[in-house]
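# Topology and contacts: notes
The chain contents come next:
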Amino acid sequence: MKAAWKLKKYLHPYIFFAILAPSMMILEVIMDLVQPTILQKIIDNGIANGDEQYIISMFGLMILSAFIALIGGVACSTYATKTAVNFATDVRQDLYETITRFSERNKDHFTLGKLITNLTSDIETLQRAVIMLLKVFVRGPLMFIGAIIFVYITARELFSVLLYVVPILAISVIIFTQLTGKFFRAVQEVMDQMNTKVQENLAGIRVIKAFNRKAHQIQQFLEVNGLLTKRNITAEQVVGVLMPLTALIVNIGLVFALWIGAIKVENNIIEVGVILAFINYLMMILQGLISSSNVLIQIARAIPSAERIVTVLEEPNDIQNCHEPIKNSPRGEVEFKNVSFSYTKQGEPVLKDISFHVKAGETIGIIGMTGSGKSTMMKMLPRAFDVDQGEVLIDQQPIQYYDLATLRQAIGFAPQKAALFSMSIEGNLKYGKQDVSLQEINEALEASCAAEFVEKLPDREQHVLSQGATNLSGGQKQRLAMSRAFIRKPTILILDDTTSAVDAISEKKIQQAIDSNFPNSTKFIVSSKVSSIKNADQILVIEDGRLIASGTHEELLQSSEYYMEIVETQTEKGGVMND
Amino acid sequence: MTNEPKQGTRTGLERNHGFRGPVVKPKDQKAALSRIWSYLRKQRIGIVLSTLFVILSSILSLLGPLYIGIIIDDYIIPGDLSGTVRMLILLGAIYLASSIFMWLQTFVMVRVSLKTIQRLRKELFEKIQRLPLSVFDKRQSGDLMSRMTNDIDNLHMALSQSIIQIVSSLFTIIGTAIAMFYMNWILAIVSLIIIPLVVYVTKQIIKRSSVNYKARQRDLGQLNGYIEETISNANIITLFGREQETIEQFKKANEQLRTSALKAEMVSGFLPPINNFMNNLGIGFIIGVGALLAVNELVTVGVIAAFVTYSRQFFRPINQLSNLLNTFQSAIAGAERVFEILDEQEEVRDVQDAIAKDQFDGDVEFRNVEFYYNADKPILKNISFHAKAGETIALVGPTGSGKTTIIQLLNRFYDAKQGQIMIDGEDSTSYQLDNLRDHIGVVLQDTYLFSGTVRENIRYGKLSATDEQVEKAAKIAYAHNFIKYLPQGYDTMLASGGMNISQGQRQLIAIARAILEDPDILILDEATSSVDTMTEVHIQKGLNNLMKGRTSFVIAHRLKTIENADQIFVIKDGTILEKGNHETLMMKKGFYANLQNQLQVQ
């Protein structure tokens, strides 16, 4: 609740609308509330005295109040919408900017899926809640309280009925709302289970068919389906009591009002019009109560959304520029000094005390098993993460001294997962460098052996990729991701296992292209294949987060048993055959 | 990503106010309705009862205002106190009965609807299990998913609520009109005069706002698509320092949504106050005209009172009705989508007297097999080969050459368009499909694991396996080594798809699963592609043990695995280019030898 309140600053620009909307709603409600009183006046003064003039003027008053209510209602709706939509749009914009600037660790902390939910459904929930808050949340309670007050003014003699009806009504609504919440949470639980079952059956249909487990799956589903039906029936049957029950309470109140009214009319204390006004107010009280509790639930639902959004907005970005950062592009000398790192605070370290030194322009091969920490080590260079202990130096300066933009500008990174965007191939390459000529694009495509398939496409580099580039093979995606890194002509080039799906012959060509195109760049090549790194100036062998050996291929064959073992399992006939 | 406002936990207090964008119209409403009826028929006693309760409660709630009018005119105003009390007891009884029937109609209808839905869901699920893979290729899983969940939920809402509400609204409208005319025809006309206005204005607003809603949905869809893509690829944006451009582009889409959302919400927001206005106007006219008539003694005060209550009862159903019909129509359209799946052609049925064997020798022969999805794009062309029982067959060739298709024909994921596949000398189609699949073990390229423990996932290969057998299989697959380090070992819960472990680990579990199945024919489709080379060497030993004595088909990109095969088929563009063992193929100096040599060079 407290957290949600922090979003109020996004309301400031629209504070005028936000105040105007409920004020206009007050206008509408008062006009609605006046009506039964006018009715009472018409009956008890107009009809009773046969005063047509009075009736006509009162009738005019009624029509006027209806129009005023209309103006109030429409204005309220307009301002409420303006406030809510603008508010939500602004929060969304800020949230997106915050997330886009997040460091890897920030993103890991929240997980991407949750961040997407924050930006989409959480914001929408919030927008709906604000509209409700400004419209119905004012209308409901106001109607409820207003009607009670008007009864006190117009039909004070019958007020005692309210003393019984209102508490009973309020308690039933509260109890049922709670009960409903409980029952439907139980339903939702099974519903989630069922959705998971269905989703898994669709995703794993090949496995189910291959193992012939139809009967097994159906059996499991029937259980969930049965439970869901049972819980749902109970829930809806219980919930179904509320409407008839509240109607009954109000109607019984009405019967008593007529009874007490009849006695008081008999004794000439009140006139008939008062009873009629009372009946109308009673209806309004019911309406007001139900819509208030409805809105309360809506708003209660929005609070967790608001809290999640605030948590993201307030998350401190753990990778930022230092004071007066270096803005000169580095030459490419890299040094790791006793670097240790773990993804979580108490977690197992992924990098343990790693030290090495690389001269500008060298080619470095990094080899090790899956999960040994190779990729993590590379992520320290563009400061996707900062080290926990030790230092990373570029040109003998701690990496944190560099301006982030300058640093990342100097690095061409082709990550393990070749993530491409749903735009043209050209657009994807321009991600690497914005103002490039067609010739540069072609050179980059050539260097990564991507040209050979791009040329075959009808619209060549204008070819638009589908989302997730599902229309390309794994090898094709990797080649494009490499082109994107090449086109930057980076000082430091990092290829993180980017040739795993590229055939051996093309890989060879790519290696040659890198050597001739980037003689002065420092090149890091991460791979689990010996053939990809064999010719490097220096090979780093990583096992379980530790640098266990380094040197050239020949040196390592002599010095490292582990390296030899890798080589043995992969030599000669162990190559990879692919497209 | 769904853009519809999600209905979370319901409260039981909601009424159908507001609306949710454009209405989806069913294609053939009549056919769909009669089909829904065929499901509902089993519950017809419930339906008859419920309808009866709806009618009763509607009539009783109409009697209320009528009695109030009578009580005021004939008992209170004349001062008949004992008569008043008598009538009030009757009125109380009417209200009580009305509430009870109102609850009973829900009580019965909820059961009718949910039982029907349960059956429909069961049929749909069973159907999905029987559908051929081509259906899953053709339709996105999100689409199937939404039919199974959203569409069915909507139908439930329509059955359990909309029907009752539509019936009761109709009854209330007609009943009220009759009661009004019965009491006073002049006031009745005054009340009804406003109806065309209500209907017209509501229609106009809905028409306008559905245009705006479409625009809003479009913009929202675009924005959400952009969010999904950029957030999932956020690391690229960071690495390439493209935050500013990405944010600016987001801003454009966000602003576009601001404009269209403002329009859409604004117009639809007018509906409640305008409805309220019509209500007030109607009641104002009734009171005004009624009072003038009362002065001239053409109408009594009690009648005015009754009319005021009636007109409140009257306008709500009119406002609701068009909304209800829309919801109902959308639900019917959803039901149609469900039926569409139920009508899909099922997987091949077994022939009469299909064979079931306890054990297969594993002799496999392809005779001139052809396969295609589109006749003009053949995938396999005239494939013939013979794998003798116990042999290991390696399939080699570029991606997309048809290797995987050959394997999928073998376990009848698809059936050959031409030619025959013989297993143990019999056409594969003459076996019972279930029997055949029970004896063919597969480790697929993109393996899938289910949510549940590691143990349950391995046991999937043989449901009756003991814990010891499960662990033994895991040891052979070299999976035991990592499983024992998982937080709860074999009882560690896996997420759907096994997303909480690495792809390599998923493959190891899938191998263990196949080992446990102990099939007569084994298929390994790139089974170790995501396992690193060192681990692969170990698994290979396990797999070699497994392959011994049973016919095995192996697709692998590592040449070492291929070299030891009894037969190697080089597949290219859907045909067998070369056939033989490693030595003969090397001697031949063809495609295979060329590939091998190129790799030797480096």
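All values derive from a computational prediction rather than experimental measurement.

Cut-offs used in this document
Residues numbered from 1 in each chain as written. Chains lettered and ligands numbered in written order. Predicted model: local features only at pLDDT ≥ 70, side-chain atom pairs only at ≥ 80, totals over all residues. Helix = DSSP H or I, 4+ residues; strand = E, 2+ residues; numbered from the N terminus. Rg over C-alpha atoms; globule rule 2.2 N^0.38 Å. Contact = placed C-beta atoms within 7 Å. Nonpolar A, V, L, I, M, F, W, Y, C, P; charged D, E, K, R; others polar. Domains from an automatic or database assignment. Pairing = 2+ DSSP bridges. Buried ≥ 20, exposed ≤ 12 C-beta atoms within 10 Å, placed from the backbone. UniProt positions renumbered as here; feature names shortened; annotations may be inferred. Axes fitted to C-alpha atoms, helices over the stretch in contact; angles between N-to-C directions. Expected span 1.5 Å × (residues − 1). pLDDT = per-residue confidence, 0-100.

## Overview of the overall build of chain B
- A tally of helices and strands in chain B yields 21 helices and 12 strands.
- Here the C-alpha atoms of chain B give a radius of gyration of 35 Å, more than 25% beyond the 25 Å that 2.2 N^0.38 yields for 602 residues.
- A principal-axis box enclosing the C-alpha atoms of chain B has dimensions of 120 × 65 × 55 Å.
- Looking at chain B alone, contacts between residues at least 24 apart form 79% of all its contacts between residues at least 6 apart.

## Points about the overall build of chain A
- Looking only at helices and strands, chain A has 21 helices and 10 strands in total.
- Relative to the compact-globule value of 25 Å for 579 residues, chain A shows a C-alpha radius of gyration of 36 Å, a clear excess of over 25%.
- Principal axes of the C-alpha set define a box for chain A whose edges measure 115 × 60 × 50 Å.

## Description of the interface of chain A and chain B
- Opposite the 140 residues of chain A that make contact, chain B presents 131 residues.
- With 23 residues, the single largest contributor to the side of chain A that touches chain B is helix 3 (residues 52-100) of chain A.
- Class assignment for the residues of the side of chain A that touches chain B results in 67 nonpolar, 49 polar and 24 charged.

## Focus: the domain arrangement of chain A
- The domains assigned to chain A are domain 1 (1-155 + 301-316), domain 2 (325-410 + 492-500 + 524-573) and domain 3 (416-489).
- Here the C-alpha centre of domain 2 of chain A lies 57 Å away from the C-alpha centre of domain 1 of chain A.

## Some words on the sheet that holds strand 5 (residues 426-427) of chain B
- One open sheet accounts for four strands, arranged 2-1-4-5 (chain B); its pairing is antiparallel. The sheet terminates laterally at strand 2 (377-387) and strand 5 of chain B, the two strands that pair on one side only.

## Some points on the environment of Val454 of chain A
Residue and element names in this part refer to chain A.
- One can find Val454 in helix 16 (residues 451-454).
- Accessibility expressed as a C-beta count within 10 Å gives 23 for Val454, which makes it buried.
- Once the C-alpha coordinates of Val454 and Met143 are considered, the two residues, 311 residues apart in sequence, prove to be 68 Å apart.
- The contacts of Val454, once residues within four sequence positions are left out, are Ile425, Leu445, Arg460 and Glu461.

## Let's talk about the UniProt feature "transmembrane region" (unreviewed entry) in chain A
- Feature annotation in UniProt places "transmembrane region" (unreviewed entry) on residues 12-34, 54-76, 136-155, 161-184, 238-263 and 269-290 of chain A, given in this structure's numbering.
- Taken as a whole, residues 269-290 of chain A contains 86% helix and 0% strand, while its terminal C-alpha atoms sit 33 Å from one another.

## What to know about the UniProt feature "domain: ABC transmembrane type-1" (unreviewed entry) in chain A
- Annotation from UniProt places "domain: ABC transmembrane type-1" (unreviewed entry) at residues 19-301 of chain A.
- In this annotation, residues 19-301 of chain A is assigned 92% helix and 0% strand; the end-to-end C-alpha distance for the span is 23 Å.

## Points about the UniProt feature "transmembrane region" (unreviewed entry) in chain B
All names here are of chain B.
- The sites that carry the UniProt feature "transmembrane region" (unreviewed entry) are, in the present numbering, residues 45-68, 88-112, 155-179, 185-206 and 281-310.
- Helix makes up 91% of residues 185-206 and strand 0%, with an end-to-end C-alpha separation of 32 Å.
- Secondary structure content for residues 281-310 is 83% helix and 0% strand, and the end C-alpha separation is 14 Å.

## Re the pairing of strand 12 (residues 575-580) of chain B
- Note that strand 11 (residues 567-572) of chain B and strand 12 of chain B share five bridges and pair antiparallel. Looking across to strand 12 of chain B, one finds that Ile571 of chain B is bridged to Ile576 of chain B.

## Observations regarding the sheet that holds strand 11 of chain B
Residues and elements named next belong to chain B.
- Across the sheet, six strands lie side by side as 6-9-10-3-11-12; this open sheet has mixed pairing. Since the sheet does not close on itself, it has two edges, and those belong to strand 6 (440-443) and strand 12, each with one partner. Neighbouring strand axes in the sheet, compared pairwise and without regard to direction, differ in orientation by 15° on average.
- Both strand 6 and strand 9 (residues 521-525) contribute to a ladder of four bridges, which runs parallel. Across the sheet, residue Gly441 finds its bridge partner in strand 9, namely Leu522.
- Sheet contacts for helix 12 (residues 403-410): strand 3 (392-396), strand 6, strand 9, strand 10 (551-555) and strand 11; angle to strand 10, the most-contacted strand, approximately 150°.

## So, the environment of Asp358 of chain B
Residue and element names in this part refer to chain B.
- Looking at the secondary structure, you find Asp358 in the loop between helix 11 (301-342) and strand 1 (364-374).
- Classification of Asp358 as exposed rests on a count of 8 C-beta atoms within 10 Å.
- Distance from Asp358 to Val442, taken between C-alpha atoms, is 18 Å for residues 84 residues apart in sequence.

## Notes on the pairing of strand 6 (residues 411-414) of chain A
Residue and element names in this part refer to chain A.
- Side chains Ile411 and Phe413 project from strand 6 onto one buried face, and the interleaved Gly412 and Ala414 project onto a second face that is buried too.
- The pairing of strand 6 with strand 7 (residues 492-496) spans four bridges and is parallel. Considered in strand 7, the bridge of Ala414 is made with Leu495.

## Examining helix 9 (residues 214-239) of chain A
- Taking 1.5 Å of rise per residue, the 26 residues of helix 9 of chain A would be expected to cover 38 Å, and the 37 Å separating its terminal C-alpha atoms lies within 8% of that figure.
- Among all positions in helix 9 of chain A, only Gln217, Phe221, Asn225, Leu228, Thr229, Asn232, Ala235, Glu236 and Val239 of chain A are buried.
- Looking at the buried positions of helix 9 of chain A, the neighbouring elements they touch are helix 7 (159-203), helix 8 (205-210) and helix 10 (242-266) of chain A together with helix 3 (81-130) and helix 5 (141-183) of chain B.

## A look at the packing of helix 5 of chain B against helix 6 (residues 185-192) of chain B
All names here are of chain B.
- Here helix 5 crosses helix 6 at 140°, and the two axes come no closer than 6 Å. For the pair helix 5 and helix 6, contact is made by Ala177, Met180 and Phe181 and by Trp185, Leu187, Ala188, Ser191 and Leu192, respectively.
- Its residues assigned to classes, the contact of helix 5 with helix 6 comprises seven nonpolar, one polar and no charged.

## Notes on the confidence of the model for chain A
Residues and elements named next belong to chain A.
- In this model, chain A carries an average pLDDT of 86, and 98% of its residues clear a pLDDT of 70 or more.
- The secondary structure element of chain A with the lowest average pLDDT is helix 1 (residues 2-5), at 76, and the one with the highest is helix 3, at 93.
- Every residue in residues 572-579 is under pLDDT 50, and counting partners more than four places away or in other chains gives 29 contacts.

## Overview of the confidence of the model for chain B
Residues and elements named next belong to chain B.
- For chain B, the average pLDDT comes to 83, and 93% of its residues sit at 70 or higher.
- Confidence drops under pLDDT 50 across residues 1-22; counting only partners more than four residues distant or on other chains, this segment forms 46 contacts.
- Of the two predicted TM-score estimates for the complex, the pTM is 0.76 and the ipTM is 0.82.

## Side note on unusual backbone geometry
- The backbone phi angle of Gln396 of chain A is positive, close to 70°, even though this residue is not glycine.
- Here Gln396 of chain A shows up in the loop between strand 4 (389-394) and strand 5 (397-398).
- With a phi angle near 50°, Asp573 of chain B is a residue other than glycine that sits in the positive phi range.
- Position of Asp573 of chain B among the secondary structure elements: in the loop between strand 11 and strand 12.

## So, the environment of Ser134 of chain B
Residues and elements named next belong to chain B.
- As for its position among the elements, Ser134 is in helix 4 (residues 133-138).
- By the C-beta count within 10 Å, which is 14 here, Ser134 ends up partly exposed.
- Each C-alpha atom, one on Ser134 and one on Glu347, is 9.3 Å from the other, the two residues being 213 residues apart in sequence.

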